[in-house]
Each structure stands twice: as structure tokens, then as C-alpha cells.
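# Notes for the structure review
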There are 4 protein chains.
Amino acid sequence: MAGNTFGTQFTVTTFGESHGAAVGCVIDGCPPGIDLDWDAIQAELARRRPGQSKLVTPRDEKDQLECLSGLDQDSGKTLGTPIAIMVRNQDQRSKSYEDWHHIYRPSHADFGYDAKYGIRAWQGGGRSSARETIGRVAAGAVAGQVLAARFPALRVTAWVERVHNLDARYAIDPTTVTRDSVDASPTRCPDPGFAADMETAILEAKKNGDSLGGYVRCVATGLPPGLGAPLFAKLDAIIAQALMSLPAAKGVEIGSGFSGPEFTGLEHNDPYAWADNTMTTSSNRSGGIQGGISNGMPIDCRVVFKPTATVLKRQDSADDAGNNVELQAKGRHDPCVLPRAVPIVEAMINLCLVDAFLQQRGQVGDPWPGLAGPLHGEG
Amino acid sequence: MAGNTFGTQFTVTTFGESHGAAVGCVIDGCPPGIDLDWDAIQAELARRRPGQSKLVTPRDEKDQLECLSGLDQDSGKTLGTPIAIMVRNQDQRSKSYEDWHHIYRPSHADFGYDAKYGIRAWQGGGRSSARETIGRVAAGAVAGQVLAARFPALRVTAWVERVHNLDARYAIDPTTVTRDSVDASPTRCPDPGFAADMETAILEAKKNGDSLGGYVRCVATGLPPGLGAPLFAKLDAIIAQALMSLPAAKGVEIGSGFSGPEFTGLEHNDPYAWADNTMTTSSNRSGGIQGGISNGMPIDCRVVFKPTATVLKRQDSADDAGNNVELQAKGRHDPCVLPRAVPIVEAMINLCLVDAFLQQRGQVGDPWPGLAGPLHGEG
Amino acid sequence: MAGNTFGTQFTVTTFGESHGAAVGCVIDGCPPGIDLDWDAIQAELARRRPGQSKLVTPRDEKDQLECLSGLDQDSGKTLGTPIAIMVRNQDQRSKSYEDWHHIYRPSHADFGYDAKYGIRAWQGGGRSSARETIGRVAAGAVAGQVLAARFPALRVTAWVERVHNLDARYAIDPTTVTRDSVDASPTRCPDPGFAADMETAILEAKKNGDSLGGYVRCVATGLPPGLGAPLFAKLDAIIAQALMSLPAAKGVEIGSGFSGPEFTGLEHNDPYAWADNTMTTSSNRSGGIQGGISNGMPIDCRVVFKPTATVLKRQDSADDAGNNVELQAKGRHDPCVLPRAVPIVEAMINLCLVDAFLQQRGQVGDPWPGLAGPLHGEG
Amino acid sequence: MAGNTFGTQFTVTTFGESHGAAVGCVIDGCPPGIDLDWDAIQAELARRRPGQSKLVTPRDEKDQLECLSGLDQDSGKTLGTPIAIMVRNQDQRSKSYEDWHHIYRPSHADFGYDAKYGIRAWQGGGRSSARETIGRVAAGAVAGQVLAARFPALRVTAWVERVHNLDARYAIDPTTVTRDSVDASPTRCPDPGFAADMETAILEAKKNGDSLGGYVRCVATGLPPGLGAPLFAKLDAIIAQALMSLPAAKGVEIGSGFSGPEFTGLEHNDPYAWADNTMTTSSNRSGGIQGGISNGMPIDCRVVFKPTATVLKRQDSADDAGNNVELQAKGRHDPCVLPRAVPIVEAMINLCLVDAFLQQRGQVGDPWPGLAGPLHGEG
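Residues numbered from 1 in each chain as written. Chains lettered and ligands numbered in written order. Predicted model: local features only at pLDDT ≥ 70, side-chain atom pairs only at ≥ 80, totals over all residues.

### A closer look at the overall build of chain A
Selection rule: A run of H or I in DSSP counts as a helix once it spans at least four residues, and a run of E counts as a strand once it spans at least two, with each numbered from the N terminus. For this measure, only C-alpha atoms enter the radius of gyration; the expected value for a globule follows 2.2 Å times N^0.38, where N is the number of residues. Using C-beta atoms placed from the backbone, we call a residue buried if 20 or more other C-beta atoms fall within 10 Å of its own, exposed if 12 or fewer do, and partly exposed for counts in between. Contact between two residues is assigned whenever their backbone-derived C-beta positions fall within 7 Å.
Check the secondary structure of chain A and you find eight helices and 17 strands. Taken against the 2.2 N^0.38 rule, which gives 21 Å for 379 residues, the C-alpha radius of gyration of chain A at 21 Å falls within 12% of a compact globule. With the principal axes as the frame, chain A shows a C-alpha extent of 65 × 55 × 35 Å. The 379 residues of chain A split such that 69% are buried. Put simply, of all contacts in chain A between residues at least 6 apart along the chain, 71% involve residues at least 24 apart.

Following this line, the structure appears as C-alpha cells:
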């Protein structure tokens, strides 16, 4: 595999460069008989689309999806066959990129692509562009609807927790965050005070031709225990791969994460207790995953995005002919990817969960009664 | 795949439970003609073996490996066929575990395994035991020797950077750390002052029946640019999966990681400069990876391990019959997994790198002259 | 994997139903820097397209491909990123199919799909339609060009060897067959006498609403030894999977195949001899593959296609409500799939060979000097 | 993947050379809670072991298996974790092979291995030896028991149908063949008359230092419809790969196979009819598989094995230094692999079926009531 496919049961292969004809994905392994809500899928694309607010790149893309295959022409239900989804690129302006045809943008993927491939799509970010994530968001939305057919109580909710030095971690109670409270601000931070400050900071960075990074947190509630696997397919290992595969991601943590060592083992352990025949833990430093397998508590993770590499100021750099040069970037860019990253993170978590769910259905019996039994016809 | 295999070109499948007959691995895709140094592989097992110091579990295992296949009977060189490696378990004492046959140890994998499988190896950690990592360490040592055949300058060095609140990050200059300086202390922290304090802290925790967590950092130098891939096989995404798949890992970061947002984009970017026909960056906040592909600078990552879940004090817990109970753990356990985690982290990084290397040889041409051309016969 | 992807290094995922919006494929792992000849790819689609002669279905499809991704906007060369190719369906006439919305066509895939999925694309063959092979043919043509960049002497040539009881096996000398001699007849049998008889037989079957099966043989010359692998990835095992995955295929053989037991071992063995530093065998009962690995002699295989299941006569059948009924099929169908199968078989062989080639480049050193070294820039 | 792993849900990785320390396999994805009958597994190894009759190689191997992992130490039931199985090699006599250290045996894998790897296990067949199939037979026996837990009526029965020109096809009624009738003769042909003639022919070939090939047929009854997939994972495509991956296999056919074109479509089609709420077909030219998916009728396939390549007579050949030489083989060899191939073919079919079964459980709902629902606890 050349690395453009994710998943083992519900596999998603994305395709497309930022300045080519189209971007999209092929989903293989989607269960049959699901009545997908395409408006809801399109709505997820709208949440990640450029031009949605003054905080993000003004590139004007409608991102209207087209489903090419996998649906019954009669009922519209999934056939169990590959679902191909395509979005045409429309507002490419390759001219803006001519200056860096031969110059490597610092901390961008350009040099790595040249080193690996000996060629690159210099007219934009190519595969490393955020446009590639359209296929992920569409596939993640399909995955979310497959999961909802079995787990109506499931909620996968991500939000912007930090921008630059504005860290809202302790101001936000995860149990009260809803999609509405997230989308109430163009920053997608559910705390109004922090949201206002983040907005100001992003606009200030934009005015300066600079950029900001931050954290996105994601919590999934309403899932049973037993999802995941022991080793390389540990649910948290797959989540780590999924989130680190996003453009600009530099770290992932689950539960207590990098704060865990502040505690001793006795302090850190999450005590078990049965409550109404459901296993619970009175704390959730495990982030809902123990030994790679979900324990029924909220799955809680965090991903850090570095500040956008493309900044509109002069920088020292080098070209592909061995010269050290100055680079002045132009073009349309996100001064902060965080707001648009929220639906993308949710999509990746949905993809992790649906794959773990379909694995579990296939491999084992049914200690937890919801995992086996008919799936289709319930969507 | 049920998740016990890692890699796409150089695949490692590990097997074995902590209290079964044996643990080990099968490596598929090891290039032929490599003259493996089995003493060096055994030495890596010695670095991760229990009983090596008073800081770790006293379980007495010699961990003598046996290679079952894949070698030319004549020359001892690799045949290119599967290499099966086995270590027999010797000092199992399942009796110690009888108390938790039906009780779930807090923050351990027990409950998850029962939820997933409806059965578990209650006589120890089963697959979630650190004994499973024997197969990883052996395979990682083989991978390291394959890499060394092509990249003699490659050094993959991990060390303990933090234990509990003792964080040696700013006391250690990564460019001066060597395997000898790491192994000079049983803590595997290369800073003597911090090492002494960590040793005291671990022994204190052990005396209290408690446990401590911390950070391991790993740096790989001497590799060319061009390793990795754009998307789900990004080198950092695969490293994240690999390290998060380790027992007790709760987070992974590359380069600036969770500190990245402290900078603006202009501050965070790593300026490029050619030096002696080699691309360099004057800072390395990218941790040697941009857009998922190595840029030739040191690959720099960090993984956090929570404090060991097994503590020898009374804890609130629950059993598999719906009762809330108290648990008093017994047995032999690591009060701190960090020292033994060092060779395991190195092994996982070796596995990530060898797979990216073999992928690159297969998929593309040769912009970087070292990736193609004969490999065997150089070992 | 749900089975719509083929290959491990050069992977092809096909999508699309016969009566949906489009069919196509995504290729992942195509080497970079290849200057693909899109006219030649389109020409392969023309060879498999319906309506090309009176011997095949009159469904009128231009099968004009569109490449959505994976090409440098500047040079047109491959980027090493996924190549998505799409062909829109145009001449669907679902009305013809209404009669078998609920009736299973004998020996067709309808019942199996219902049994597996609980739903099926009854408005045509869905995924089991020959239209799905458009993605295979396009991908196979790309594969062929990748192979040609390294092996200019490679020729992959398939032809119709048998239709019904007309078996041209002994009339055709494989060493003289060329693409031109194959395409000289609409039957794609290179022996003019047999071709004329086959044409008559197919038209007679068409007139009767009946159908005919036969054999396609495929020979690949100009390849080095050393392609393939020992076990489940044996080159002949992969070829068997590839050819048996085609609609209506019921058997595959390599070299002497089902005739091999007529010989004793001494008679059957292919004696080796060096000739001009090249290993040759004086006979080729092995079909160019020994122990799963190519030996440099022509790769020689044969696949049998049953007579088309859809016939335009009354047949006994059953419906999806438990009734035994009569079925009178209508619609447009191939009275004999053999002529159109020729480019499809060639495509599958190309896909098998390119995958084995890229595996070999990645996994091992270079006993045969052509397998490593720069690939791109030679296209 | 380097090709030593088979399956996607129930994966088997085999390891070991004929003259190394051991051979065996690792099974990943075996469902938990199955109470495996190890005597039955050992009995399958006895059916394929050398030395079992005067018709096969006299190499004296007890082939006693050892299970290294994957079982509950308490109950013996499967844990759902990898099952590693090992058989030590005992009666290696590498000395017999010294003559062909540098000479390639005609139609054997030697030359291909050298071309691919630049090194080979010349002290026997290495990976191409029939000893490798020990891992397959053990894994196939485990697979058979997993299937039996769900499908108690399942019978997978293979037999020798042809040796040299002795073709018992029309003398054997597949519906009456049982394992006992197969094992009644050392030839494993269930027709006593043909069995006697085959025995004579094999002993005659042995006396002459020559060898014979033939056909093995395999029929699986008692399975539901709905197993398999549309494309590259078609059940017949996977069976073709599985059987063609066996040493000496040169062809595979399903149902009517290479005889199919003797019929027209109208004659060849299998008419459907409901009988007692079960779909049946009045003929079974499809061999139980249509469109890649099982239809509930017996799965019926045939594989051809060429005459053993190793013969004990002088042959023309070539060495690895460019010389054309004569070869006189010595050693212990099977004059006919067919009798020992029977349990191996059954094992491969079991592996194909269990993988299709576990895929079906995971991917879809449950139109056929037996595929979902609890599996373990039924063993």
C-alpha cells in the first residue's frame, strides 16, 4: 500500500491534489441497506470548506459532492459495494504559486515530496493540501451514519480547545459541549470568552501575514466497551495514526496523555464500579481506552496542530538547484487551521470507530449484545 | 487483520501471552543476504528483560531467543523468507494472579479483554503484558541491522527524559546522548543528576507499592530525506501508531509537539539552507518530518507512559459478576516501566524506518542515490 | 478489505455499478515521473467497449475516460499519488431489467448478492456486470506503461483460443501472435480459419438467443526471472486469483495445466540451459513460473469463460419470495464474452506483473541488474 | 507483504524451511472461546506426513505439533489472540543435497529463488518444500473447527481423482465420498478399482526413479449461500489463489471449469428452484459459486498437480556458474504428491471458507440467519 487507504473493514482511499481536476474518496466495506442522509454529509463538507468565515482562506469552493457509485438506484440505500464520492476543484489559481515552483516553503511538504518522488505538484499543496481532507470528511460522515444505525446514542464532538497561548482546557466542561455550542463561533471554541479572544488573535495573525496553531479535543460518548484490539490495532494506536496523518498535526494524546506522569499509579488509576449493570470508572484518565480496547467511558483525545507553515512574510529558504534564497509567499491561506480542523478530526474518529466496530462484529462472539445481530434495515 | 501484525513491507507478527508457553514473532519481508549479528539481538533482549536491576520487576527470565527459520544453514545469512523467533516463558507464577481471576485491575486491560473476547488470560497480563514486547524488540533489532546495511551512520537512540515530576528535558543535549550514556544508569536517563533523583523516586514508589510514569524521547540521526508517504502512511503517523501501541503509552509527539502552538508560524518554521549539498534546517521544530516525509534532519519524537496500572495497595474495583469489590494486587511488577521501555521504543522506531525504507525502494525511482541499488552483500 | 482492491504495491480499487452514475478506479502506488500515453489507455477501453462489433452487446457506450488526479498539471507526468480514473455510464436502460427485479437469473450473481447483502442493484449486473472491468482495463493499461518504462521488450498478448467446441490450440503458434493478428478479426482469434468459424458460431448463438463460452490464452514475453514470491503471493497464485476474479471465469491454468499429468516427471520437466548468459529451458511446460517465481521464459496461462449466463430464452428459475417461476430475459447482452475479454485478461496480467516487479524492487537486492536503479525518467 | 500470509480476517502466516529448525504458523483472528480438539489437528498432520505409506517419501518425521500461544491456560479455549504452532524438523539429511548446491533441478524452484533472492536454502526445498504445508494443514484444521462451531453439517472432502492417465472422474459419485472411503487406500482415491491401479502406477514410477501427477477434487457441502464477495475476493478467486499457491499446482477449476464451453449458455445454466425454503439448483455447473458468492450448493473444485519435479534419473540442467551440466538427483522424494496433497487441499479450502465467513459476519447484516449471532460457546 502506498498509504492512501485507511481502515481494514471500512476502508477509505482518498484521491486528488489541490489543483487537479477533483478530490474525493472510495469507501469499501460500507454495510448494505443503509439509507444515507446526503444533506448531512454535504453539511459536514460545508463545515470544513474554505471561505466559510473571515478566519479561514478565502478560496471560493462550493465543495458540492457527487456520489458516483454504491447506491441502489431505486431506494438510494447502500449496496455494500464501493461508494465513490467526488468533489470538483473550481477556484484553483496556480499562478499564485509560480514563485515557489522551485523554492521550498519552510516547514511545508515540498522538499520531502521532491526527495521522495523527484516530482511534485508545485501548483499548491498537492496531496499535502487541506483539500485532500474533503474525501476524509465525506467518508467520516458516512461512517458516522453507519455507527448511528447501531448506536443512536453515539456523539462524536470535537472543538477548538487552544489557539496560540489561549488555552480553554479548564474553562470547558466536556460533558456540556454540543455541536451547536461548537458551531456558535467561527473559531469552533465552545467557550464564548475564549472564542472571542481566539478570533481576535487569529485576525491579528492574519493581518500580520503570520499564523497560529493550537489544540483540538474530541470526545466520543455512547459507545459500548469492547471496541479495539490488543496490539498494533489498539483503538488508541489507530486514533494516533489517524490524527497524526492530518496536515500540520504534531502530537496526539489519549486521556491524561502527557500530564499522566504528574500522578502516581495509585492516583492515576480509574477505579471501576458497576452502576445499573454498566461498568463505569469514577475518573477517566484512561480516556475511555485501556489496553487498546474501549471500556465504555467517553473516548477522549487531543491533537495539536502547529501554526500553518505558509506565512505571508519573507523567510529564508532554499531552492531545488542548491541555492539558499529568500521566499515571499503569496496566495490564499488559513491563518489558523483549527476551526476547519474540527469536522476533520470528527471524521477521523468516526473512521476509527466504524472500523473497530466492524472488526468486532466479524471476529468474535457477542459478549456485548449490541455488536452482532442484523445491522441493515435499522438506518 | 486482527491487529497483531505491524508493517507493510517488513511485517512483524508477534505472538504469545505472558503465562503461556512462549512469546515471539515472525518477520516477513526481511531482505536476503544479511548476515545478522545474533549476539547483538540477544543484547537488546537483555536491555528489556526483567530482573536486570532493582528498579524493575524481579521476574526471572533469561529471555534466550531461538531462531526457528529464515536463515541459510550454510552461511547463516537471511534467506528473504520468514524469520521466526521464539523465547520460552520460564518463571511464570500464575498463583499470584488467582485473586484477580474475577476482579478487574483498575486501568488495566482486563475488563476490555472480557468485553471484547468474553474470555481472557487472567493468569497475568496475557497479550497486554510487557512480555509481548519481546517479539517487538527482537524484530526491531533485526530491522536495525537491515537499516545499518544501507545506512552505516544511522543511530536510533532513546532515553528516559522524565519520571514523575523529574523532567530532564532541558538538562539533556540530544546531540551528545549515546547508548553508553543512556545505559550508564539503570534508569536509562543520560543526565547523571536526574538519573540519581529518578532512581530514588522509583525506589520510593516501589517501597510504597506505588508506581511512576514518565517520558521516553527517541532521536534517529543519519537518515536521508524522502522516507515516508503523504497520507495515512506518513512517517509520523506510523510512528504515532507504533509508539501508542506500546503498553501504558498515552501520547506521542513529533518535534515541537504539544509545545508548537506557543510559537507563531513565522517563529515555528524551520528555515531551509543547503550545506555541502545537503539540505538542512537551522531549527528542527518539525522533528525531521514534514508532510509525513523525512527531510534528513534528526527524527525526534517523544512518548509518554502512564504510571504502571498494577500497584500493590488496596483499590476500589469491580468483578465480572457485577459486584463492586476491593482489590489487593500481589505479584511482581515494574514500579516504573520507563527504563525497560527504552529498547522497546528504539525497536518500534527501527520497525517504522525499515518499512518506510523498503517502501521507498519499491515504489519510486531514485532521486536520493542511496535508496536503490543492491542491498544485500553489504551486511 | 471488502475485496474491491487488487495488488499490494500497485493497488487498484475499482468502483461502480453497471447502471449507476459512473465506473472507474483509483490506482495507488504508481511510480512517479511516468509520462503516460492516455490515447493508448483510451484505445484499450475501446478494445473492451460494447458495440464494437456485431458479436457483442449493442449497448452504446463511448467509454471516454477522465483522469481526476495523480498527474502533474505542468508536465502531465505521474506524481506518485493516487490516479483516479472515471468513465460515466450513458446508455443505461434499466427498464429492460424490470422483469427480473424479483426473479433470479440462472447462473448469474443475483441470488448470491441477495444472500450476502440483502439488497442488490437489480437494474443490471451491478458490480458483477462487465462494466466493472473498465476500471481494470484502464489500470492495467497504466500498469503496462509502467512496466514498459523498465522492460521495453515486454509483450503481453492475449487471444481467443477456443469458442464452444472450436479449439484453435494446435492451429496457433504463440510465438507468432501479435496484437495486430489478434485484432484482425472481431473474434480476436488470430487464426483466420478458426476466427471465421467462431464468428459464424457466435452469430448463430445470438440468433438463437443462446450464448457460448471458450478459452482465452495469454502469453507475456520479455520479462526477467525473479518476479514473484514463494507462497501465497506466488506469481501463478496471483494470476489465478486475478483471472478467476473476472466475470464468468471458471478455471485458470499455467503452462501444461490440466494436461500436465499426461506426462511423467521425466517427460514433463523443462531442462535448463544457459544461452548467451541467459537461462533458458528447452520446453516450457512450467509456463515461465517455477515455485511461484518467473524463470525468464514466456509466462503462459489460460482462462476459461463459461457461456454467458444471460440468454434470451425461457428458463426455469425462482424469485425472491419463494416461488418457482419462469424467466424470459430481455435486454442487450453479449452472446459470447470472449472477444471483449482479451484486453481485460491482458490488463489483469499487467496488474499482476507490475505488482510483482515493484515488490521485487522493494524487498531484495539486485541479483538481476534491471530491477533496481532509477525507474522514472525512462518512460 | 512478502506473501507468507493468507487471509484477511483469519490470517495465517507460515514459517520454516525444510531443513531449518522448525516449521509452523501463526494464526491471527481466530475467534475466542473455541475449545479446539488438538488430537484432531494432529491427526490431520498425520494424514500429510511423510513416511505414512510406501507411496510417499520415506523421510521420517513424527510431525508432533506444539502450540505456543493463544490458549487459555485454564480452559484450553482460544483467547482470540494469535495461535502459534510449531513442528520441529528432525530427519533432515542435508548431505543428500550437496550435489545440487550449485546445480538447478529442472522444473524446481531453485533457479527462481536464486534469481529473486541471490541466495537459497539449497539443503532441500527450503520454502518450496512440502514441509512448509505443515503450517497450512495445522491452520486449516483450526479453521475447520471454527467453521464446525457454526456449521455442524459442513463437510470438506478432498480426494485423488486422477493419477497420470488414470482418471476416476466418472467412476466416483461425489455425494457418496466420505473421509473414510478416501483414507481406505494409501492413494486416497475412493474408488477401489482406480485406487489399486493408481497404487501400481505410482510404485512403478518410483521403481523407475520417475514421478506422476494428477488431480485432486474437493467438495464442500453444508454451507449457506452468501459467502464470498464481488471482485478480487470472489470466493472462487480466493480458492484459485489458495490452491495454486500449493507446491506443484498448475491449474484450478470450479464447477464445469475447462469443460464449460462444451455447453451453450442455455445448456450450462443451473436452473433455480426453492425446495423447503432452501434455494437449490437442479444442476451444479456453477460449482456452488456464482458471481464470486456461494449459492448454498456444494462448492466443487479441482486442482492439478504436475508430476513431482525431483526425479532420480540423469537430466540435462545448468549450474549457477553459467555451465550446462548433467544432474543426477538423490535423496528421498515423493514419486507422487497426490495422496499427501488431499489433507493440504482440504486445509486450504477451510482457510478460504473461514475467512469468507468471518468477513460476512463483519461486513453486513444478516439475511441468512446463521451468519450473525454469538459464535463462541458453541464449539
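### Topic: the relation of the copies chain C and chain D
Note the cut-off: When the copies are overlaid, the least-squares fit takes in C-alpha atoms only where the residue has pLDDT of at least 70 in both copies.
Superposition record for chain C on chain D: RMSD 0.0 Å, screw rotation 180°, translation along axis 0.0 Å. Such a turn and shift between the copies fits a two-fold axis. Taking C-alpha positions as the reference, the residue of chain C nearest the rotation axis is Gln241(C), at 2.4 Å. In this assembly, 100% of the residues forming the interface of chain C have copies in chain D that are likewise at the interface, indicating an isologous arrangement.

### Let's talk about the nonpolar core
To be explicit about the condition: As used here, a nonpolar core is made of buried Ala, Val, Leu, Ile, Met, Phe, Trp, Tyr and Cys residues. They are joined through C-beta atoms within 7 Å.
One finds Val216(A), Val216(B), Val216(C) and Val216(D) to be the most contacted residues of the largest nonpolar core, which totals 481 residues. Non-local contacts of Val216(B), meaning those with residues more than four positions away in its chain, are made with Ala158(B), Trp159(B), Val160(B), Glu161(B), Val303(B), Phe305(B), Leu338(B), Ala341(B), Val342(B) and Val345(B).

### Quick notes on helix H5 (residues 192-207) of chain B
All names here are of chain B. The condition is simple: A helix is expected to reach a length of 1.5 Å times the quantity of its residues less one.
End to end, H5 covers 23 Å across 16 residues, agreeing with the expected 22 Å (1.5 Å per residue, within 8%). Within the span of H5, buried status applies to Phe-194, Ala-195, Met-198, Glu-199, Ala-201, Ile-202 and Ala-205. Just downstream of H5 lies Gly-209, where phi reads positive at about 70°.

### Some words on the packing of helix H1 (residues 38-48) of chain D against helix H3 (residues 133-150) of chain D
Residue and element names in this part refer to chain D. Test applied: Axis lines are fitted to C-alpha atoms, over the contacting stretch for helices. Their N-to-C directions set the angle, which ranges from 0 to 180 degrees. The sense of a crossing depends on the near helix, which, turned anticlockwise from the far helix by less than a right angle, makes the crossing left-handed and, turned clockwise, makes it right-handed.
Two numbers describe how H1 lies on H3: the axes approach to 9 Å, and their chain directions differ by 145°. With respect to the hand of their crossing, H1 and H3 are arranged in right-handed fashion. Contacts between H1 and H3 involve Ala-40, Ile-41, Glu-44, Leu-45 and Arg-48 on the former and, on the latter, Thr-133, Ile-134, Val-137, Ala-138, Ala-141 and Val-142.

### With respect to the sheet that holds strand S1 (residues 5-6) of chain B
Residues and elements named next belong to chain B. This is how the line gets drawn: Two strands make a pair as long as DSSP finds a minimum of two bridges between them.
Spatially, five strands are ordered S1-S2-S3-S5-S4 in an open sheet, and the strand pairing comes out antiparallel. Both edges of this open sheet fall to S1 and strand S4 (65-67), since each of them pairs with a single strand only. Where S4 lies against strand S5 (residues 83-88), three bridges are found, and the strand directions are antiparallel. From the neighbouring strand, Glu-66 faces S5, where its bridge partner is Met-86.

By themselves these figures say nothing about function.
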